[in-house]
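Read off the chains here:
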Amino acid sequence: MARSTGKDAHALFHALRSAYPATPTNLKIIDLYVGFSVFTALTQVAYMAIVGFPFNSFLSGVLSCIGTAILALLRIQVNKENKEFKDLAAERAFVDFVLCNLVLHLVIMNFLG
Amino acid sequence: MVVGNAESMKSDLLSSLSIRWIKLKTKQQEVLIRVSILCLVYILAFISRLFSVLRYESMIHEFDPYFNYRTTLFLTQKGFYEFWNWFDSESWYPLGRIIGGTLYPGLMVTAALLYWSLRFLRFAVHIREVCVLTAPFFASNTTLVAYFFGKEIWDSGAGLVAAALIAICPGYISRSVAGSYDNEGVAIFALLLTFYLFVRAVNTGSLAWALASAFGYFYMVSAWGGYVFIINLIPLYVLVLLLTGRYSMRLYVAYNSMYVLGMLLAMQIRFVGFQHVQSGEHMAAMGVFFLMQVFYLLDWVKHLLSDTKLFQAFLRVTVTCAVGVGVIALGVGTASGYISPWTGRFYSLLDPTYAKDHIPIIASVSEHQPTAWSSFMFDFHILLFLFPAGLYFCFKRLSDATIFIVMYGLTSMYFAGVMVRLILVATPAVCLISAIAVSATIKNLTYLLRTKRKVSQTGSTEGINGAKASSKALLDRSQPFQKNSAIALLFGAFYLLSKYATHCNWVTSEAYSSPSIVLAARGAHGDRVIFDDYREAYFWLRQNTPQDAKVMSWWDYGYQITAMGNRTVIVDNNTWNNTHIATVGRAMSSYEDEAYEIMRSLDVDYVLVVFGGVTGYSSDDINKFLWMVRIGGGVFPVIKEPHYLVNGEYRVDKGASPKMLNCLMYKLSYYRFGELMTEYGKPPGYDRARGVEIGNKDVKLEYLEEAFTTSNWIVRIYKVKPPNNRW
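Parameters at a glance
- Residues numbered from 1 in each chain as written.
- Chains lettered and ligands numbered in written order.
- Predicted model: local features only at pLDDT ≥ 70, side-chain atom pairs only at ≥ 80, totals over all residues.
- Heavy atoms only, no water.
- Helix = DSSP H or I, 4+ residues; strand = E, 2+ residues; numbered from the N terminus.
- Buried < 20%, exposed > 50% of the residue type's maximum accessible area, 1.4 Å probe, protein only.
- Areas by Shrake-Rupley, 256 points an atom, 1.4 Å probe, with all protein chains shown as cover.
- Patch = residues over 30% accessible without salt bridge, like charges linked within 9 Å, V, L, I, M, F, W, Y side chains within 5 Å.
- Salt bridge = Lys/Arg side-chain N within 4 Å of Asp/Glu carboxyl O.
- Lys, Arg positive; Asp, Glu negative; His and termini not counted.
- Charge placed at Lys NZ, Arg CZ, Asp CG, Glu CD.
- Domains from an automatic or database assignment.
- Contact = heavy atoms within 4.5 Å.
- Buried area = accessible area lost by both parts, 1.4 Å probe.
- Pairing = 2+ DSSP bridges.
- Core = buried A, V, L, I, M, F, W, Y, C linked by side-chain atoms within 4.5 Å.
- Axes fitted to C-alpha atoms, helices over the stretch in contact; angles between N-to-C directions.
- Parallel < 35°, antiparallel > 145°, perpendicular 65-115°, else oblique.
- Nonpolar A, V, L, I, M, F, W, Y, C, P; charged D, E, K, R; others polar.
- UniProt positions renumbered as here; feature names shortened; annotations may be inferred.
- Disulfide = S-S within 2.5 Å.
- pLDDT = per-residue confidence, 0-100.

(A) Examining the overall build of chain A more closely. The helix and strand inventory of chain A stands at 5 helices and 0 strands. Starting at the N terminus and ending at the C terminus, chain A contains elements arranged as α-α-α-α-α. Taking all 113 residues of chain A together, 39% fall into the buried category. For chain A, the computed accessible surface area is about 7100 Å², with 71% contributed by carbon and sulfur atoms.

Structure below.
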């Protein structure tokens, strides 16, 4: 059982690694951005665990990262392979993204205290 | 289909009636009809709530709205910064209350904004007028939102019917008449708006709509504590969609952005604070959030991989990991106390017997009792049986939107059954679902009628294909019966709806338009007698007591005393401190000397009691007395409820227990009452509210003296005497 799952995991890994470079470049940039913001969020969690200080600042920090990561929903809307979004203009998706980011950061600024 | 029928109708109209000026195109006619219906419904919703303003005067009703009015007054006079940081020392003496941090500011800010914008337009209105009319204004806005919501779920016909139904539905009117300046008036608008925007976001998958729904949620959180319903219903809805295999990118976009933005916005309200990440009531939303990420990951991996067997393995691993992590996190959080458990107010919704045993204050509020069938019929009328019919139609045409409205309807009906007050939350759902039933039925019936007419005029029909021909043949055969039955059914539907309108109007006029602070009754000759005792007493307090006088009364009247009497109170309707209320309850139920000790320790100058023995008013303090005993006894075991009962029975006549006949509440209510003739043919001291002659007619007060009794003896105020001079 363990060996077969181990083999499966290897095969999985290889399949993923081979399939990923097939995605277009602009989507890969968005993925990089998402990865970066998740990394920042984890760093903040670690910092909070060490220092442990104002909760609202911590929350706003973490949620800003999560928020920007989630807002890579842009990625979904821009990805041409998604059938449901093919009639959504890329400019409209970007404007939505900017608007949401604006609101998100305004709220976080208010919350940082 | 509809356009074709309308075209033929239009040519009929033009040819038969030859009214030249209806030369509009069909689309414009339809728009004109819709807009005019919506305008009429808007106006109707507003004016049907104005009964009490016409009958009495433009004043604030009940108890809670007085607090809202006082805070709005403060906001308009002092500005937003002062309001947000307000510490009120005039209530809950000597503790005070942090008002800025313990209220939901949405209602006050809305009224203040309306007031400032009207002032800007140079309308010199008083803030009280704005407050009184805020609720009807927002009820009208709710009808508009109901129209758009109905259009989103079903079609514009259903939207129009929904708007019309919700404009006059008594379940909603009960909390949004003119003068009922309470959170629910604005909150139902915010609730329906949030739900509409969210369903629209799920349908279109656009970030803009999800952002709008996050703002709607923010408005709801700022307006009412019932926002917990939204933050639990929407994750439940998403979960149901996931389980029924309706996961889609649109759902992912809509829920994620709404959750993150909504949560952040909601945490800006100080009263809510960090509850979204710390309280057990909000954990469902977070759990579903993580579940969505797992779904997205699985979807993405499936898309990348071309090998299904590999994917199955991955699926197994991921699902077990995710579930395991989730359960462990939840367990750790709950066990360590980091995630606080469900608070009493909401826990008693899941377990209705909880409040009676553990939290008497919640159990004592009359609005928190379970709902009787008569209340359902009273508040919903025909909607009650149109609701299952609408459910049937929703199930026939399942889509993301109809699943939502079905879930909203079912969950809100369950909660409406648990607590009377929550009929209000169920009303929009019931109206929408019933509107679907009405609209679909009437559409089918008129289609039958129209097809008849179309068949009979062979000259003006167009586009009859094979299917139509066969159906035409069928219709020809049963022609006379179907047409007649369709007409009969349409008349029946019209009759039902008109009966609904009559009932709603009657209910609004009779039951829900009383201001509670002014009582009315019919005199002996049928003329109307008004009892304005409450306001008489509060203004007496305002004009005849020193500025820093402290008034002790039961918590029901606290808000009114601070708002109208402008004096400091000991406890008020906020009921945030149970021990303080229990202290007052203990004082009211003790003998006079013990009560005097307690009153001296609280610096009480005046005591206010409400007494209905002369007028037969049954919501007075003697009828509420057992709750005072229970709440007091919950904290101070020296107060025992059986001491006040005789064989388990609550009596005030000669057979009452001695403790009852000598406690402070009894003495204050019945002081000098023994000499009063209240009813012809009955002995003096006959209590008309209880229907008995009181037991202890000779009441002597040692530490208090009577300061004021209103003209109908409803409110009685006593002054606490300072201690005797010592030698």
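(B) View of a negative patch on the surface. A surface patch of like charges, here negative, comprises Asp593, Glu594, Glu597 and Glu702 of chain B. For Asp593 of chain B, a relative accessible area of 42% corresponds to the partly exposed category.

(C) Local environment of the domain arrangement of chain B. All names here are of chain B. Segmentation of chain B into domains returns domain 1 (25-147 + 173-181) and domain 2 (531-720). Between domain 1 and domain 2, the contact holds 17 residues from the first and 25 residues from the second. Across the interface of domain 1 and domain 2, roughly 1800 Å² is buried in total on both sides, 60% from carbon and sulfur atoms. Counting the surface domain 1 buries against domain 2, the share from its top three residues, Phe63, Trp92 and Tyr93, is 44%. Taken together, domain 1 and domain 2 are joined by 1 salt bridge. Among the salt bridges present, the one from Arg535 reaches Glu57, with a minimum N-O distance of 3.1 Å. The element contributing the most residues to the side of domain 1 that touches domain 2 is helix H4 (residues 64-78), with 4 residues.

(D) How the structure looks around a nonpolar patch on the surface. Residues and elements named next belong to chain A. A cluster of nonpolar side chains, contributed by Tyr33, Phe36 and Phe39, occupies part of the molecular surface with about 350 Å² of accessible area. Within the fold, Phe36 resides in helix H2 (residues 25-51). Judged by its relative accessible area of 53%, Phe36 is exposed.

(E) Highlighting the pairing of strand E7 (residues 606-610) of chain B. All names here are of chain B. Counting buried residues in E7 gives 5 out of 5 residues, a clear majority hidden from the surface. The alternating pattern of E7 places Tyr606, Leu608 and Val610 and Val607 and Val609 on opposite faces, both of which are buried. The sheet contact formed by strand E5 (residues 550-552) and E7 spans 2 bridges and is parallel. Bridge assignment links Met552 to a residue of E7, and that residue is Val607.

(F) Geometry of the pairing of strand E4 (residues 528-531) of chain B. Relative to E4 of chain B, strand E3 (residues 519-522) of chain B runs antiparallel, the two being bridged by 4 bridges. The partner of Arg522 of chain B across the bridge, within E4 of chain B, is Arg528 of chain B.

(G) Structural context of the sheet that holds E7 of chain B. Taken together, 5 strands build an open sheet; the order of strands is E6-E5-E7-E11-E10 (chain B) and the sheet is mixed. Sheet topology places strand E6 (568-569) and strand E10 (704-709) of chain B at the edges, where each strand pairs with a single neighbour.

(H) Fine view of the nonpolar core. All names here are of chain B. Ranked by size, the top nonpolar core spans 224 residues in total, and within it Phe149, Phe195, Tyr255, Leu383 and Leu608 carry the most contacts. The two domains that each donate at least three residues to this core are domain 1 (25-147 + 173-181) and domain 2 (531-720). If near-sequence neighbours (up to four positions away) are discounted, Leu383 is found in contact with Leu165, Cys169, Val430, Cys431, Ser434 and Tyr500. Grouped together as the second largest cluster of nonpolar side chains are 7 residues, Leu38, Ala45, Ala163 and Ala167 included.

(I) A look at the packing of helix H7 (residues 127-153) of chain B against helix H22 (residues 400-418) of chain B. All names here are of chain B. Remark: H7 packs on H22, axes separated minimally by 8 Å, with the N-to-C direction vectors making an angle of 125°. The pairing of H7 with H22 is recorded here as oblique in orientation. Taking contact as the criterion, the partners of Phe149, Glu152 and Ile153 in H7 are, on H22, Ala401, Thr402, Phe404 and Ile405. Within the contact of H7 with H22, the residues separate by chemical class into 5 nonpolar, 1 polar and 1 charged.

(J) Highlighting the side chain of Ser213 of chain B. Residues and elements named next belong to chain B. With respect to the helices and strands, Ser213 occurs in helix H11 (residues 207-223). Taking relative accessible area as the criterion, Ser213 reaches 0% and is therefore assigned buried. The residues contacting Ser213, other than those within four sequence positions of it, are Thr194, Leu197, Phe198 and Met258.

(K) The arrangement of the UniProt feature "transmembrane region" (unreviewed entry) in chain A in detail. Within the UniProt annotation, "transmembrane region" (unreviewed entry) is assigned to residues 32-51, 57-74 and 94-112 of chain A. Taken end to end, residues 32-51 of chain A is 100% helix and 0% strand, and its first and last C-alpha atoms sit 28 Å apart.

(L) View of the state of the cysteines. Evaluation of the coordinates by the stated rule reveals 0 disulfides over all chains. Cys431 of chain B provides the cysteine sulfur closest to Cys169 of chain B, a residue in no disulfide bond, and the two sulfurs are 4.0 Å apart.

(M) Focus on unusual backbone geometry. Residues and elements named next belong to chain B. The omega torsion across Tyr93 and Pro94 is 0°, close enough to zero to call that bond cis. One can find Pro94 in the loop between strand E1 (87-88) and strand E2 (97-98). Of note in the backbone geometry, Thr575 takes a positive phi value of approximately 45° without being a glycine. Mapped onto the fold, Thr575 is located in the loop between E6 and helix H28 (578-589). Its identity is not glycine, yet Trp713 carries a phi of approximately 65°, on the positive side. Take Trp713: it is sitting in the loop between E10 and strand E11 (715-720). Owing to a relative accessible area of 12%, Trp713 belongs among the buried residues under this scheme.

(N) Inspection of the confidence of the model for chain A at higher detail. With 49% of its residues at a pLDDT of at least 70, chain A reaches an overall mean of 70. For chain A, helix H1 (residues 2-19) of chain A is the element with the lowest average pLDDT, namely 60, and helix H5 (residues 90-112) of chain A is the one with the highest, namely 80.

(O) Just the pattern of salt bridges, in detail. Residues and elements named next belong to chain B. A full pass over the atoms with the stated rule returns 23 salt bridges over all chains. Between Asp532 and Arg535 there is a salt bridge; the shortest N-O distance is 3.0 Å. On the basis of relative accessibility, which here comes to 29%, the residue Asp532 falls in the partly exposed class. Judged by relative accessible area, which is 17%, Arg535 ranks as buried. One network of salt bridges, in which partners are shared, links Arg175, Asp182, Glu184 and Arg421.

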